[in-house]
Amino acid sequence: MAIELAPQGHERPQPSLADPVYEVSDLDIYYGDHKAVRDVNMTIGRRQITAMIGPSGCGKSTVIRCFNRMNDLIPGARVTGKVAYHGEDLYGADIDPIEVRRRIGMVFQKPNPFPKSIYDNIAYGPRVNQGRKGRLSKSATDDLVEEALTGAALWDEVKDKLKNSALALSGGQQQRLCIARAIAVKPEVILMDEPCSALDPIATAKIEDLMVELAAEFTIVIVTHNMQQAARVSDWTAFFTAGVDDAGVRHGRLVEYDTTRKIFESPSDQRTEDYITGRFG
Ligand SMILES: Nc1ncnc2c1ncn2[C@@H]1O[C@H](COP(=O)(O)OP(=O)(O)OP(=O)(O)O)[C@@H](O)[C@H]1O
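Residues numbered from 1 in each chain as written. Predicted model: local features only at pLDDT ≥ 70, side-chain atom pairs only at ≥ 80, totals over all residues.

J.: How should the sheet that holds strand β10 (residues 250–259) be read in this particular structure?
T.: Pairing between the strands of a sheet comes from backbone hydrogen bonds, and it takes one of two forms, parallel or antiparallel. Taking strand neighbours across the sheet as the criterion, the 10 strands line up as β5-β4-β1-β2-β10-β9-β3-β8-β7-β6 in an open arrangement whose pairing is mixed. The open sheet has two edge strands, β5 (88–89) and β6 (104–107), and neither has a second partner. Taken together, the 4 bridges between β6 and strand β7 (residues 189–193) define a ladder with parallel strand orientation. Bridge assignment links M106 to a residue of β7, and that residue is L191. (Pairing = 2+ DSSP bridges. Helix = DSSP H or I, 4+ residues; strand = E, 2+ residues; numbered from the N terminus.)

J.: What's the story with the pairing of strand β8 (residues 219–223) in this structure? I'm lost.
T.: Looking down a regular strand, the side chains alternate between one sheet face and the other. In terms of burial, β8 is a largely internal element, 5 of the 5 residues being buried. Going residue by residue along β8, you find T219, V221 and V223 tucked away on one face and I220 and I222 tucked away on the opposite face as well. Two strands pair when backbone bridges link them, and β7 and β8 are joined in this way by 5 bridges, in the parallel orientation. Note that in β8 the partner of L191 across the bridge is V221. (Buried ≥ 20, exposed ≤ 12 C-beta atoms within 10 Å, placed from the backbone.)

J.: Please clarify how the site of the ligand should be interpreted in this entry.
T.: The environment of the ligand is formed by 13 residues, the closest being Y31, A36, S56, S61 and T62. Looking at the shell around the ligand element by element, the count peaks at 3 residues for helix α1 (residues 60–64). (Near = placed C-beta within 6 Å.)

J.: I'm lost on helix α6 (residues 171–184) in this one. Help?
T.: Given 3.6 residues per turn, any residue in an α-helix points the same way as the ones three and four places further on. Under the 1.5 Å per step criterion, the end-to-end length of α6 is 20 Å for 14 residues, consistent within 8% with the ideal 20 Å. In terms of burial, α6 is largely enclosed, as 13 of its 14 residues are buried. Remark: K186 follows α6 within two positions and exhibits a positive phi of approximately 50 degrees. (Expected span 1.5 Å × (residues − 1).)

So this is what it looks like as structure tokens:
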């Protein structure tokens, strides 16, 4: 299978971890007594696009949910090891997980707009964040809505129907709306868990282009089942797999993490090579 790396028009700077956003060390993640993922060590760089790939059940979603403490919402989920965010322990006692989730945006597999107008979907987050500082003025809100929809490459398609229900948009438009809603609160990081798996190839291509554009401003981590997608858009790729230990227990683990070029052109680990060449998974 030929895998195309960064097609024309996707010009990205050289991959760099010089400015780390996350430093993950010896991370193990449990659901109850089951250690679902073990020994994750990786650094995620600012304004890099980092893809997490691997066969079903290897723990990609479990790991990405640790990057904004979404796992806290799953009963029995807990972590050991460290997820440092700008050097600070994201799981430290003084860290407010709600604030974490406000600062680190997330886009899910299935577009999930609120059952509100397009405008209100975008205005909601900035209005909540404004909170006690008083109401956001109409013109400031209008500006924020336009800026976020433009940033998510949706403005031209919706600018004449901002009061219409978001649920009337196509799936691809809804997903771009969800991205606009995420960027409206000006996060530093956007986590995307299989953001294109419910979309057709044209809508997928638009989201891929958008990811590359957004990476000029945001740090992006994406889980994808689609290796071609990882190869096309990401700067760094983490390959996970699941294996059974001596006690017969199945754990997900990070096999190899490197630049996307290295992972797809000359992986160091045989398991990575088998996966990307389609011999496994
Ligand atoms: N909410 C949960 N409660 C208990 N176990 C879970 C939960 N979510 C995931 N797991 C387990 O954790 C392991 C990793 O699952 P996870 O969904 O993170 O893998 P994945 O690589 O994202 O899979 P997929 O590609 O199929 O989405 C699996 O063994 C799964 O059964």
